[in-house]
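The primary structure of each chain is shown beneath.
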Amino acid sequence: MEQRYDPKKIEPKWQKVWEENEIFAAPEDTSREKYYLLEMFPYPSGRIHIGHVRNYTIGDVVARYKQMCGYNVLHPMGWDAFGMPAENAAIDNNTHPAKWTYENIATMRKQLKRLGFSYDWNRELATCDPDYYRWEQWLFLRMYERGMLYRKESFVNWCETCRTVLANEQVEAGCCWRCGRQVKQKKLWGWFFRITDYAEDLLEYCDKLPGWPEKVLTMQKNWIGKSTGAEIRFPVNGTDETIAVFTTRPDTIYGATFMVLAPEHPLVQQLAAGTGQESGVTDFVARMAAESRTDRMLENREKEGIFLDAWCVNPVNNKKIPIYTANFALMEYGTGAVMAVPAHDQRDFEFARKYGLEIIPVIKPSGEEAEETAKEQAYTGDGEMINSGPFNGMHNREAYEDLIDWFEKQGIGKREVSYRLRDWGISRQRYWGAPVPVVHCEKCGIVPVNENDLPVVLPEDIDLLEGGGSPLASHEEFVKTKCPKCSGPARRETDTMDTFVESSWYFERYCSPHYDKGMFDPEAVDYWMPVDQYIGGVEHAVMHLLYSRYFTRVLKDLGLVAFKEPFTRLLTQGMVCKETQRCPEHGYLYPEETEYRDEKILCKKCGCPAELGRVEKMSKSKKNIIDPNLMVEHYGADTVRLFCLFASPPERDLEWSDQGVEGGSRFLNRIWRLAGNWISALSETPPYDGPPAGLGGAARDLYIKTHQTIKKVTDDIEEKFHFNTAISAVMELVNAMYGLESQLNPHEAEQRVAGVMRHALETAVLLLSPMVPHITEELWAALGNRAGSLANEKWPSYRKDALSTDTRLIVIQVNGKLRGKFEIEADADEETIKERALSDENATRFIAGKPVKKVITVKDKLVNIVV
RNA sequence: GCCUGGGUGGCGGAAUAGGUAGACGCAAGGGACUUAAAAUCCCUUGGGGCAUAGUCCCCGUACGAGUUCGAUUCUCGUCCCAGGCACCA
């Protein structure tokens, strides 16, 4: 064994051993229990960043741990390889998206290997590979046949920078999730997946995923946004038309004093036609259409509308009420029409005030006069029904049910549920994505491509357009085709699919990545799926995770898989953060742009003292990034991994600290030296693993500490993935070994003691091996253990009889305050312990002759004397 | 505004079926080794108090109440921070 710990030497060595011996290959061995561990695959942006390192280190520890526990572990890695950055980079650097992507993949693969992750590289996949996306196109065709998707023209979210459409989930606070540009509304034809058909099921199962963080489930529930209520039809005066509204408050219907239609509602123009309001309405609608959706949804947006010069009838009291169109009604939600009850809805209230419309309270809070209700603002609470004909005097909750029953009997309405979730628009007007496999025929219309003609391959000989936009439309060879139905001339669809489509089923593809008869081998999927543990960033809480749950349901309904939920357990890891440095003149500074002098951090450019900013998520714009590759270069992969695990528990944010990394490195060196001191003395010694009864003194203490550590580390990993406390425990064990060493020279240790030491050392190595796999392999081998890999060793187990010492530390309290402590034999009876506590010198001072009211004893822990 | 988390030393973080608050690490200080430095090893380290310097006392887990023999942990109220949603009828 080398004197010095040199990760540069040992890390590549063991990486080679793992690769050559296929230590992490995952065969479909159905006789063994499987464990599918998955981390969210990366977009091949060019370099691995620290967030990846953290994510994949957490996953790697679990994968290696489960493998040591005897599971057949599937731990794959691949590339979410379609997407716009490739196109933009290709334009900037005058290269091809494919070339750029594959080069990035090569770089990043190398970086991942350098970190020693336990992937089964035979299963690597890239979603831009035609062998991958052909099955996505195949699925598209199956969904098309079943009516699970459709094409429509609608207002869609458009990002001018990316020059493409975005799904609702991809709009964050009115801006593009990728580039941050404000999203506009644009009328466009596009393809949609009917995810709303699954809204109820997706929602229901949120309560059946105990392995998911509550936070993520809540976000999904909110996103789906279920509301229950009623749909009610209002006849329009003087026509045969009716206006259907959705309301969550049918109990307030007697207070409906006007009707509001969304500007895009088909009846708006129709009803205003030929009235004095026609031109005003047309102008209003045009103005609303020109406004972006985000402008329209701005906070506290002034409510605005216009009367259509048309009336409808409130079916409960036959009252004539005016019809308006207004900016706060949304065509996409419910029916696009609102029955306005200004007394009990704040928006309606504001609108009514502005336009001088009638406000009739129909629910009165108890203890308030009817005249007082809804005077200053809408009253949205419960109470007694008033002004509501036969329902007067009832509680509104009761009337709610009775009213809907009455609507149903009269045939004017029914119970109805509405969701916030919209269908998933998957059309993208970009090049670097999977082509939608249909053609447009002049005679036959939309015709799906024949299954045998798949894949519809993305042509590589294209000229990318400056500023984006799809070059496919002008690629004659691609576009010009024959109709699969009539063989007449036809044009290919040039939309490509949202890249979230690829990531909605890649975990199933991993089960049989080279299968060429379908999306996946049913047997392989049957064995491996669902994913037992999924790990990734919380930023995908609604997008990727919701789409994947939806896709799995589609696959199930097509008879391709037998389960609904793809991920049994989910861990969302926190962000990696670092403090920022800022110069008043030069803005944010990289660490290398500052120098440390006279206990101050100074800007190198101007010499001004830099302000230490707050700790924020690492990003280029804040200049608080660190490059994991430089860190690995300097300290080795094991140190970087150790720090990522030790600095905080996985679900919390991690604050990067250069000194903390240094500390990690110091700990690894400490073990290395300890092993070095003992290795020759232990060469002939087998580890002691008998009962603790045969041991005494320091050896006995160390032996018990060892078993306690095994239990602690196992529980920490098993229950919560709290690697930080697991590492702490091993550090304590290492400190204990140093403690023993300070008492005796390794070469003079008697056989029994040396055996205990060997056991402790080997245990520390085994327990750390999933976290820092290289140094532990090297130490394991140096200790003379059999060849192979630690990954195939058994995870250590603890002896119950070696978990506790023979004495207990008992705490003495008087009136709940700590007044003393003493050690006593573990088998001492309660009376003895009580007596000992009551006679304690310090405790007696506080009892001070007062009568003892009560003595509470907690076994093995404390005695509390109440006076 | 609504919904989730979360507020513990100089710092990252431990400890909650209620039972010694501050494990482990970082930083800081002291000592050993060295001609010297680095590295290493050992010790101290929440704040305050003391004519008894201790197995001592008081205070302390955002703030204020409450339950309890005993609360960082449970209940109620308040403040602050982070994330998500937000004219969804």
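Residues numbered from 1 in each chain as written. Chains lettered and ligands numbered in written order. Predicted model: local features only at pLDDT ≥ 70, side-chain atom pairs only at ≥ 80, totals over all residues. Heavy atoms only, no water.

Draft legend 1. Spotlight on the packing of helix H20 (residues 658-682) against helix H23 (residues 751-768). Running from N to C, H20 and H23 point in directions that differ by 145°, and their axes come no closer than 11 Å. The two elements H20 and H23 cross, and the hand of that crossing is left-handed. Contacts from Phe667, Ile671, Leu674, Ala675, Trp678 and Leu682 in H20 reach Ala754, Met757, Arg758, Leu761 and Leu768 in H23. A breakdown of the residues in the contact of H20 with H23 according to their chemical character gives ten nonpolar, no polar and one charged. (Axes fitted to C-alpha atoms, helices over the stretch in contact; angles between N-to-C directions. Helix = DSSP H or I, 4+ residues; strand = E, 2+ residues; numbered from the N terminus. Left-handed = near helix turned anticlockwise from the far one by under 90°. Contact = heavy atoms within 4.5 Å. Nonpolar A, V, L, I, M, F, W, Y, C, P; charged D, E, K, R; others polar.)

Draft legend 2. Structural view of the protein's contact with RNA strand B. Around RNA strand B there are 61 residues in total, and Thr248, Arg301, Tyr333, Arg347 and Asn864 lie nearest to it. Among the atoms of RNA strand B close to the protein, meaning within 4 Å, 65% are from sugar or phosphate groups. At a separation of 3.0 Å, a sugar or linking oxygen of RNA strand B approaches a polar side-chain atom of Thr247. Measuring from a phosphate oxygen of RNA strand B, one finds a side-chain N or O atom of Arg819 at 3.1 Å. (Near = heavy atom within 4 Å. Polar contact = N/O pair within 3.5 Å; in protein donor to acceptor, adjacent residues only side chain to side chain.)

Draft legend 3. Focus on the nonpolar core. Grouped together as the largest cluster of nonpolar side chains are 120 residues, with contacts concentrated most on Tyr36, Phe140, Phe193, Trp424, Tyr550 and Trp656. Aside from chain neighbours lying at most four places away, what touches Trp424 is Ala167, Trp191, Phe192, Phe193, Ile195, Asp498, Phe500, Val501, Ser504, Tyr547, Tyr550 and Phe551. Counting residues in each nonpolar core, the second largest holds 70 residues, with Phe24, Ala726, Ala760 and Val772 among its members. (Core = buried A, V, L, I, M, F, W, Y, C linked by side-chain atoms within 4.5 Å. Buried < 20%, exposed > 50% of the residue type's maximum accessible area, 1.4 Å probe, protein only.)

Draft legend 4. Molecular detail of the side chain of Ser769. Along the chain, Ser769 turns up in the loop between H23 and helix H24 (773-782). Of the polar contacts made by the side chain of Ser769, one reaches the backbone oxygen of Leu766; its length is 2.8 Å.

Draft legend 5. Structural context of the pairing of strand S11 (residues 305-314). For S11, the tally of buried residues reaches eight of ten residues, placing the bulk of the element in the interior. Where S11 and strand S12 (residues 319-326) come together, seven bridges link them in antiparallel fashion. Across the sheet, the residue bridging to Asn314 is Lys319, located in S12. Adjacent in sequence and paired antiparallel, S11 and S12 are bridged by four residues, among which Asn318 carries a positive phi angle near 55°. (Pairing = 2+ DSSP bridges.)

Draft legend 6. Representation of helix H2 (residues 50-68) in the model. Between its terminal C-alpha atoms H2 stretches 27 Å, which fits the 27 Å expected from 19 residues at 1.5 Å a residue. With 18 of 19 residues buried, H2 is to be regarded as a mostly interior element. (Expected span 1.5 Å × (residues − 1).)

Draft legend 7. Layout of the environment of Asp6. Locating Asp6 in the fold gives a position in the segment before helix H1 (7-20). Residue classification places Asp6 among the partly exposed positions, given a relative accessible area of 21%. In sequence terms Asp6 and Trp672 are 666 residues apart; their C-alpha atoms lie 10.0 Å from each other.

Draft legend 8. Spotlight on the environment of Trp212. Take Trp212: it is sitting in the loop between helix H6 (199-204) and helix H7 (214-224). Note: C-alpha distance between Trp212 and Ile601 (389 residues apart in sequence) is 43 Å. When residues no more than four places from it in sequence are discounted, the contact partners of Trp212 are Leu217, Gln220, Leu545, Arg549, Phe567, Thr568, Arg569 and Leu570.

Draft legend 9. Spotlight on the confidence of the model for chain A. On average, residues of chain A score 90 in pLDDT, and 97% of them are at 70 or above. The least confident element of chain A, judged by mean pLDDT, is helix H10 (residues 293-296) at 58; the most confident is helix H15 (residues 506-509) at 98. (pLDDT = per-residue confidence, 0-100.)

Draft legend 10. Here's a closer look at the packing of H2 against helix H19 (residues 637-646). H19 packs onto H2 with a crossing angle of 90° between their chain directions and a minimal axis gap of 9 Å. Considered as vectors, H2 and H19 are oriented roughly perpendicular to each other. Taking contact as the criterion, the partners of Val53, Arg54, Thr57, Ile58, Asp60, Val61 and Arg64 in H2 are, on H19, Val640, Arg641, Cys644 and Leu645. Looking at side-chain class alone, the contact of H2 with H19 contains six nonpolar, one polar and four charged residues. (Parallel < 35°, antiparallel > 145°, perpendicular 65-115°, else oblique.)

Draft legend 11. Highlighting the pattern of salt bridges. A full pass over the atoms with the stated rule returns 47 salt bridges. Residue Lys113 pairs with Glu19 through a salt bridge whose shortest N-O separation is 3.4 Å. Highlighted residues: Lys113 in helix H4 (residues 97-114) and Glu19 in helix H1, separated in sequence by 94 residues. Judged by relative accessible area, which is 25%, Lys113 ranks as partly exposed. Salt-bridge contacts for Lys303 lead to Glu350; the nearest nitrogen and oxygen are separated by 3.3 Å. (Salt bridge = Lys/Arg side-chain N within 4 Å of Asp/Glu carboxyl O.)

Draft legend 12. Layout of the sheet that holds strand S34 (residues 854-858). Spatial ordering of the open sheet is given by S33-S32-S35-S34, a layout of four strands whose pairing is mixed. The open sheet has two edge strands with one neighbour each: strand S33 (817-825) and S34. Along the sheet, successive strands turn relative to each other by an average axial angle of 20°, direction set aside.

Draft legend 13. Unusual backbone geometry, seen in detail. Residue Pro455 is reached from Leu454 by a cis peptide bond, and omega for that bond is 0°. Summarising the element assignment, Pro455 is placed in the loop between strand S20 (445-448) and helix H13 (476-479). In this chain, Met529 is followed by Pro530 through a cis amide linkage whose omega measures -5°. Relative to the helices and strands, Pro530 is located in the loop between helix H16 (522-528) and strand S24 (531-537).

Draft legend 14. Quick peek at the packing of aromatic side chains. A full pass over the atoms with the stated rule returns 46 aromatic pairs. For the ring pair Tyr506 and Phe507, a centre distance of 5.5 Å and an interplane angle of 70° mean the geometry is edge-to-face. For the pair shown, Tyr506 and Phe507 are each scored as buried. Grouping aromatic residues by their ring pairs yields a cluster made of Phe140, Tyr144, Trp191, Phe193, Tyr198, Trp424, Phe500, Tyr547, Tyr550 and Phe551. It is Lys113 that lies over the ring of Trp121; its NZ or CZ is 5.1 Å from the centre. Across the ring face of Trp223, the terminal group of Arg420 is positioned such that the distance to the ring centre comes to 4.2 Å. (Phe/Tyr/Trp six-rings, centres within 6.5 Å; stacked < 30°, edge-to-face > 60°. Lys NZ or Arg CZ within 6 Å of the ring centre and 35° of its normal.)

Draft legend 15. Summary view of the sheet that holds strand S8 (residues 226-235). In space, the three strands of this open sheet follow the order S9-S8-S16, with antiparallel pairing throughout. Each having just a single partner strand, strand S9 (242-247) and strand S16 (413-419) make up the two edges of the open sheet. Averaged over all pairs of adjacent strands, the angle between strand axes in this sheet comes to 35°, irrespective of strand direction. Here helix H12 (residues 396-410) sits on the sheet and contacts S8 and S16; the angle it forms with S16, its principal contact strand, is near 115°.

Draft legend 16. Region of interest: the domain arrangement of chain A. Looking at chain A, the domain boundaries give domain 1 (32-127 + 503-573), domain 2 (136-194 + 423-499), domain 3 (226-419), domain 4 (576-617), domain 5 (654-802) and domain 6 (807-866). Computed from C-alpha atoms alone, the centre-to-centre distance between domain 1 and domain 2 is 24 Å. At the boundary of domain 1 with domain 2, total buried surface from both sides reaches about 2800 Å², with 70% on carbon and sulfur atoms. Taken together, the links from domain 1 to domain 2 amount to one salt bridge. Put simply, Arg430 and Glu87 hold a salt bridge, and the shortest N to O gap is 3.0 Å. Viewed at the interface, domain 2 and domain 1 are joined by twelve residue pairs in polar contact (both at pLDDT 80 or more). Listed by contribution, the elements that provide at least two residues to the side of domain 1 that touches domain 2 are helix H3 (84-93), H4 and helix H17 (543-557). Of the residues contributing to the side of domain 1 that touches domain 2, the split by class is 19 nonpolar, six polar and three charged. (Domains from an automatic or database assignment. Buried area = accessible area lost by both parts, 1.4 Å probe.)

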